[in-house]
Amino acid sequence: MRAVTGTALWLVRLLYLAFALFPLLWLLRIALTPDEILYREGTTLWPSRTTLANFAYVIEESPFPVFFANTIVVALGTAAAVTLLAAGIGYAFSRFRFRGKSALMVFLVITQLFPIVMVITPLYQLLAPIGLVDTRIGLILVFTAFNLPFAAFLMHSFYEGIPAELEQAAMIDGCTRFQALVRIVLPLMLPGIGATVGFVFTAAWSELLFSLMLITSESKKTFAVGLLGFVGKSGVDWGQMMAAATLALIPPAIFFTLIQKYLVGGLTAGAVKA
Amino acid sequence: MSLAADNPATGRSPGTFRRRLRAAEPYGYVAPGLLVVALVMLVPLAVGISFSFQNYVIFRPASRGWSGFENYAEIWSDRTFWLALSNTAKWTFWSVAFQLGLGLGLALILNKPFFGRAVFQSLVFLPWAVPTFLSGLNWQWLYNPLVSPLPAALAAVGVLDEPRNILSDPDLALWGPITAMIWWGVPFFAITLLAALRSIPSDLYEAAAIDGATPWQAFRHITVPFLLPMITITILLRTVWVANSPELIFVMTEGGPANSSQTLPNYVFTSAYSSMNFGYASALATVLMVMLVIYSVLLLWVRGRLGR
Amino acid sequence: MAEVTLKGVAKSYGRTPAVREFDLDIADEEFVVFVGPSGCGKSTTLRMIAGLEDITGGEIRIGDRVVNDLPPRDRNISMVFQNYALYPHMTVRENQAFGLRLAGRAKEEIARKVARASGILGLDPYLERRPAALSGGQRQRVAMGRAIVRDPDVFLFDEPLSNLDAKLRGQMRTEIKKLHEKVRTTVIYVTHDQVEAMTLADRIVVMRDGRIEQVGTPEEVYHRPVSDFVASFIGSPPMNLLEGRIVAEGDAPAVALSGGPVLPLGPGHARLPAGASVTLGLRPEAIAPQGMAGPMRRPFAFEADITLVEPLGGEALIFLALGDREMTARVFRPPARLAPARGVQFLVDLAEASVFDGGTGRRLGDDGAN
Ligand SMILES: Nc1ncnc2c1ncn2[C@@H]1O[C@H](COP(=O)(O)OP(=O)(O)OP(=O)(O)O)[C@@H](O)[C@H]1O
Ligand SMILES: [Mg+2]
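Residues numbered from 1 in each chain as written. Chains lettered and ligands numbered in written order. Predicted model: local features only at pLDDT ≥ 70, side-chain atom pairs only at ≥ 80, totals over all residues. Heavy atoms only, no water.

1. Regarding the overall build of chain C
Logical step 1: Helix and strand counts for chain C stand at eight helices and 20 strands.
Logical step 2: Principal-axis analysis of the C-alpha atoms places the extent of chain C at approximately 75 × 50 × 35 Å.
Logical step 3: Within chain C, the fraction of its 370 residues that count as buried is 54%.
Logical step 4: Contacts in chain C between residues at least 24 apart in sequence constitute 66% of all its contacts with a sequence separation of at least 6.
Logical step 5: Averaging the coordinates of the 46 positive side-chain charges in chain C and doing the same for the 48 negative ones gives two points 6 Å apart. (Helix = DSSP H or I, 4+ residues; strand = E, 2+ residues; numbered from the N terminus. Buried < 20%, exposed > 50% of the residue type's maximum accessible area, 1.4 Å probe, protein only. Contact = heavy atoms within 4.5 Å. Lys, Arg positive; Asp, Glu negative; His and termini not counted. Charge placed at Lys NZ, Arg CZ, Asp CG, Glu CD.)

2. Some words on the pattern of salt bridges
Residue and element names in this part refer to chain C.
Logical step 1: All told, the structure shown has 25 salt bridges over all chains when counted by the stated rule.
Logical step 2: Here Glu-29 and Arg-184 are joined by a salt bridge, their closest N and O atoms 3.2 Å apart. With a gap of 155 residues between them, Glu-29 in the loop between strand 2 (16-26) and strand 3 (31-35) and Arg-184 in the loop between helix 5 (166-183) and strand 8 (186-190) connect regions that are remote in the sequence.
Logical step 3: Of the charged contacts, one joins Lys-113 and Asp-151 as a salt bridge, the two residues approaching to 3.5 Å between their closest N and O atoms. With Lys-113 in helix 3 (residues 107-121) and Asp-151 in the loop between helix 4 (136-148) and strand 7 (154-158), this pair connects stretches of sequence that are 38 residues apart.
Logical step 4: With relative accessibility at 42%, the residue Asp-151 sits in the partly exposed group. (Salt bridge = Lys/Arg side-chain N within 4 Å of Asp/Glu carboxyl O.)

3. Some thoughts on the sheet that holds strand 14 (residues 277-282) of chain C
Residues and elements named next belong to chain C.
Logical step 1: Taken in spatial order, the five strands make up an open sheet running 13-12-11-14-20, and their pairing is antiparallel. One side of each edge strand has no neighbouring strand; the edge strands of this open sheet are strand 13 (262-264) and strand 20 (354-357). For this sheet, the mean inter-axis angle between neighbouring strands, taken without regard to orientation, is 40°.
Logical step 2: Sheet topology note: the strand 11 (residues 240-248)/strand 12 (residues 254-257) ladder contains four bridges and is antiparallel. Bridge pairing in strand 12 places Ile-246 opposite Val-255. (Pairing = 2+ DSSP bridges. Axes fitted to C-alpha atoms, helices over the stretch in contact; angles between N-to-C directions.)

4. Some details on the site of ligand 1
Logical step 1: Taken together, Arg97(A), Tyr13(C), Ala18(C), Ser38(C), Gly39(C), Cys40(C), Gly41(C), Lys42(C), Ser43(C), Thr44(C), Glu159(C) and His192(C) form the complete shell of residues around ligand 1.
Logical step 2: In this structure, ligand 1 is bordered by residues of chains A and C.
Logical step 3: Within the side chain of Arg97(A), an N or O atom sits 3.0 Å from a nitrogen atom of ligand 1.
Logical step 4: If one sorts the elements of the shell around ligand 1 by residue count, helix 1 (residues 42-50) of chain C sits on top with three residues.
Logical step 5: Classifying every residue of the shell around ligand 1 gives three nonpolar, six polar and three charged. (Near = heavy atom within 4 Å. Polar contact = N/O pair within 3.5 Å; in protein donor to acceptor, adjacent residues only side chain to side chain. Nonpolar A, V, L, I, M, F, W, Y, C, P; charged D, E, K, R; others polar.)

5. Focus: the sheet that holds strand 5 (residues 65-66) of chain C
Residues and elements named next belong to chain C.
Logical step 1: On the basis of which strands lie adjacent, the open sheet formed by four strands has the order 2-1-4-5 and antiparallel pairing. Of all the strands in the sheet, the pair left with one neighbour each is strand 2 and strand 5.
Logical step 2: When strand 4 (residues 57-62) meets strand 5, the two strands line up antiparallel, connected through two bridges. Looking at strand 5, one finds that Ile-62 is bridged to Arg-65.
Logical step 3: Packed on one face of the sheet, helix 1 meets strand 1 (4-13), strand 2 and strand 4 and runs near 115° to strand 1.

6. Some points on the domain arrangement of chain B
Logical step 1: When the domains of chain B are assigned, the result is domain 1 (1-40) and domain 2 (74-306).
Logical step 2: The straight-line distance from the C-alpha centre of domain 1 of chain B to that of domain 2 of chain B is 47 Å. (Domains from an automatic or database assignment.)

What follows is the structure in structure tokens.
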């Protein structure tokens, strides 16, 4: 009986694994398949020959390296800005009692209800006169606002995992509140900060609609927009596109793999209150 | 050392000043973030809502002006809206239901130690790291019978009559984006539910086992009640997010064929950027938002009742 | 080196008061212990002295400074928390040195002071460890080390021993006492363990519902509790409280216990009116079976049933039924034959009796004359 359940469990685990990985595997498979045999061997699990030509093309000849650089700048900038601002909000929520606190928390939850599609046009019209349309800074600003509420809750939950007595001990030892934050709390928050940075980086890396609407010049496009441009072109080169997509997956995959443990830990700390 | 002690007359005022300063401190920490959110989300939102009461078509600037509820009246008689509304419900319900079911299963699997769990976890969570629209492209290819074995496999198990692309079948097209959404979103549910599972004190299970509870009873009477608050909150956040998200549909079917997979957010997007009718698009978006607010309030209300 | 003065200190959270009108003068080098039931405001008071909570009213002085609005770091105090609050990312050495480093002290001075504190507390073997690698007792010592290296004016302790097991708690209690003898700094110590209060304190402050119920030396609080509340809170097992009525006044006042004997009171209670309802308080060690009793100043004999005997080694608790009331007696060096029995002769020393008002619970009469 026990052996049967054990085997069944492994079967379930393998099914999950297959479901999660097969699409990614297929991405890689097409990227590695030479153009000539792509359609002929379209449905076989692995092509008879593989090639790195598509990757070479994407890296050496296509504009994708520029798109990549743009995306990295935007995603890192967003992650840094969001984490900094969320650190402040989470800190205030976790360590202070103040008038309007619960109203603010409700407000942040409500922002999650806004349809993004609704604000794109007004945002474009507001950003255009101050010269923030078609700039990476403008994109960072917008991503920051949209990722901040969730990140603030995440940070809040990480702060809750650190006893307030530690800061109080530090303040008695001679710290100002700010010093206590910097010297005691933040070092202990590193996993939480890492998780938040990773989470926001991944989200910003993936964003499509704003990038599509707010960025027009080729030299500032993020790879999401670039990739979509690929689709629009006639005679899509699937292999090259898949190669670009595979490369685009690497940074968020690395980030996310590094942080997921802390993400679970942070949410566990917060779950007690949820 | 202390001025206050040396000079009792002035001892008061720096004190109250300091106290005021301290009372203001938390606002200092929240202000920058809230300012950004208010400027970038709230202001455009208000502007967007005001569009919905205007006749505002980009190529007809001359006819721009306030139009009251005209756009809303037009929505009422717009067949595409009703189709998109029912599609949105279907798209959201099935996406979230499967994400919840599979995510809960995954969280339960991950909550028990087994050989290779850490590696397993990072692999099954990987889809979450894939940009949404990219997962859309990815599944678009997977449904293409020319370059993927999936349609053949679906035909083999009897889901399809022959290996063809479901994205071009009006009856099935919506299921393309739904599968992509499920695939991408399961890890989010798994992560939050795993976190909630970990916060259940293990001695509860020990006590239940001593009291003679079967595993099913323990799950029913300990795990479920403990998870319920987290589940409702996650469902709420995800439902709203999925309902609001046009990307997968935009990338995979563009609402087609013949609007058969049109959802509200994508309809808003296409109304705004294909027909350039911002007034109408904004009215659609406002309707969507109002419905989501009602849904959230209802869900939280139900959650509050259950909690009692 | 400093006195601490609290004058009309009050604290409320929103509308609910946590501490009200708190007046207390603490002398330099004094060891003061706050005791009281959970939620009575001990921690809140301590944290107001530390500067971790704003005060809603009144004035706090440390030395000659009003510290009402000074942040904690400017008050020259140190504090040991119930959960120790050691910095998890610092070693034992760094934990202790942190405050001195912030104050910008010289390296050699820091090293010397940390070495001295570690020496006193026996922390030398663990200096390079992180708190996570220490036992509960060791962590407790590090917390104390961190408090003493800074030579503060005042030490604040908030239930520092409550997370330790009974044996370790006893040991650490002795060490804290020795430490105070060595460093002679003003100490304010919060506990709800009355044994800690009795053994450590120069003066005990008994709190109830955010107010001071009684301030006094351990002897005063123990022998002359101002109310039945203090009487029942201090002492283990607690004082026997028996309801009764004054039946005679004048030169020979007496109290009749409900359904029990009539006990003569001392001349100090002469002014109590007959018929007044009172609560009579008798310490368990003032009661003993005849033959086991020590010397008594005003012995009174009565008969009761022994319902249960709890031997504790060097002493024993005897539970007796007197009329419809239960009482506890505590005897030292109990003989082995002690067992439940009916109609046993007991002696009680009425010189040790306290009388409280049956309504208000306040202490009655001036029993200085007892
Ligand atoms: N942050 C707070 N908000 C509201 N009320 C509080 C807060 N902190 C304490 N209180 C209330 O103030 C009162 C005194 O609390 P305090 O922590 O001083 O009690 P205590 O005597 O230390 O009890 P214990 O022995 O349980 O530690 C309690 O009734 C408590 O509920
Ligand atoms: Mg306390």
